[in-house]
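Secondary and tertiary structure notes
These are the residues of each chain, in order.
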Amino acid sequence: MSTQASALSWRTSCEVDPGAIRRSGSSYVFSTSKNHCTGGIFKQRAELTSNDFSVSRKATYVFSTSVAMTAKSREPFIVFQIHDGRNGCSPPLSLRWQGNGSLSFDSDYTKGKGMAGCVENRSLRNVRYRGPSLKRNGTAYLLKVAMTFDGQGAFDVAVSVDGKPVLSGKYAPPSDAQFVRSKRFFLKHGVYSKNIWPYEMTSQGLRVSR
């Protein structure tokens with residue numbers, strides 16, 4: 001696997017409140033913003049999105065960043081996603097930072113009917129976290145997400161914190177014709193949450209290698 005500093009490019013997802021995403025080189029600072037995207041029930045979003053790539057692409061990507069959250073709230077939030085552009089349901093994979101300091105996977109299949117068409121993908125949602133309790137006092141953690149896409153809509157994912165494996169699983173596309181199959185993938189990174197709450201998250205050395 002060849003390594004390059006920026007295998008995928010990044011831009012702001014939808015829009016954010018003024019100053020909610022600040023950049024210095026390869027480092028970003030995220031802070032509270034209303035959700036300016038459409039669809040779903042989450043009210044807060046300060047998030048980056050990558051360029052698209054086809055589900056037919058066979059590739060291995062490694063997302064890595066040193067991430068530090070500062071907040072008094074224990075509000076759960078999504079810190080990373082493998083998305084396909086759907087509205088309403090969870091995407092093929094979200095990485096959720098829970099209030100107890102653990103990480104977990106969210107994943108749904110969608111019938112393309114908003115929240116009414118969502119069916120949970122238990123094979124990823126039931127994966128147990130085996131890692132340290134992540135603090136919200138500004139402590140920095142090296143977060144890596146390795147993803148191998150098979151070119152037919154499936155992918156393997158492995159998450160590590162400070163070099164220690166903490167979560168892993170496989171997403172398989174739906175076999176039932178009532179569910180929508182992904183046509184594209186893209187990555188997202190930032191803070192995406194159901195409620196609005198005060199925080200500041202720093203993401204340093206953000207890169208995706210291939």
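See above for the structure.
Let me sum up the structure you'll find in this document. (Residues numbered from 1 in each chain as written. Predicted model: local features only at pLDDT ≥ 70, side-chain atom pairs only at ≥ 80, totals over all residues. Heavy atoms only, no water.)

Taken as a whole, the largest pocket holds about 580 Å³ of empty space. Within the residue set of the lining of the largest pocket, elements represented by two or more residues are strand S4 (44–50), strand S7 (77–83), strand S8 (93–97) and strand S15 (184–193). For the lining of the largest pocket, the leading source of residues is S15, giving four residues. (1 Å grid on protein atoms, 1.4 Å probe; cavity = no way out; pocket = protein on both sides within 12 Å on 5 of 7 lines; lining within 4 Å. Points joined across faces, edges and corners; volume = space filled by probe spheres on them. Helix = DSSP H or I, 4+ residues; strand = E, 2+ residues; numbered from the N terminus.)

For the rest of this paragraph, the subject is the pattern of salt bridges. Enumeration over the complete set of coordinates arrives at 12 salt bridges. One salt bridge connects Arg 45 with Glu 47, and the closest N-O pair in it is separated by 2.7 Å. As far as the burial class goes, Arg 45 and Glu 47 line up, both buried. One salt bridge in this structure joins Arg 122 and Glu 120, with 2.2 Å as the shortest N-O distance. A network of salt bridges, in which partner residues are shared, links Arg 96, Asp 106, Asp 108, Glu 120, Arg 122 and Arg 125. (Salt bridge = Lys/Arg side-chain N within 4 Å of Asp/Glu carboxyl O. Buried < 20%, exposed > 50% of the residue type's maximum accessible area, 1.4 Å probe, protein only.)

Attention now moves to the packing of aromatic side chains. For any pair of aromatic rings, the description rests on two quantities: the centre-to-centre distance and the angle between the ring planes. Within this structure, the stated rule accounts for 18 aromatic pairs. Judged by centre distance (6.3 Å) and plane angle (70°), the ring pair of Tyr 61 and Phe 149 falls under edge-to-face. Of this pair, Tyr 61 sits in strand S6 (residues 58–70) while Phe 149 is found in strand S12 (residues 137–150), placing the two residues 88 residues apart along the sequence. One exposure class covers both Tyr 61 and Phe 149, and it is buried. Three or more aromatic residues link up through ring pairs in this structure, and these residues are Phe 53, Tyr 61, Tyr 109, Phe 149, Phe 155, Tyr 171, Phe 179 and Phe 185. Against the face of Tyr 192 rests Arg 45, its NZ or CZ located 4.0 Å from the ring centre. (Phe/Tyr/Trp six-rings, centres within 6.5 Å; stacked < 30°, edge-to-face > 60°. Lys NZ or Arg CZ within 6 Å of the ring centre and 35° of its normal.)

Quick look at the nonpolar core now. One finds Phe 80, Leu 95, Leu 103, Met 147 and Val 159 to be the most contacted residues of the largest nonpolar core, which totals 51 residues. Look past the residues within four positions of Phe 80 in its chain and what remains in contact with it is Phe 63, Leu 93, Ser 94, Leu 95, Val 145, Met 147, Leu 187 and Lys 188. (Core = buried A, V, L, I, M, F, W, Y, C linked by side-chain atoms within 4.5 Å. Contact = heavy atoms within 4.5 Å.)

Turning to the side chain of His 189, a few remarks are in order. Mapped onto the elements, His 189 comes out in strand S15. Discounting residues that sit within four places of it in the chain, His 189 has contacts with Trp 10, Phe 30, Glu 47, Leu 48, Phe 63, Thr 65, Val 79, Met 201, Ser 203 and Leu 206.

Attention now moves to the state of the cysteines. Applying the stated criterion across every chain, the model contains two disulfides. Covalent S-S linkage joins Cys 14 and Cys 37, the inter-sulfur distance amounting to 1.9 Å. One quick way to see it: the torsion about the S-S bond of Cys 14 and Cys 37 is about 115°, and its sign makes the bridge right-handed. In this pair, Cys 14 sits in the loop between strand S1 (10–12) and strand S2 (21–24) while Cys 37 sits in the loop between strand S3 (27–31) and S4, placing the two residues 23 residues apart along the sequence. Using a relative accessible area of 45% as the deciding quantity, one classes Cys 14 as partly exposed. (Disulfide = S-S within 2.5 Å.)

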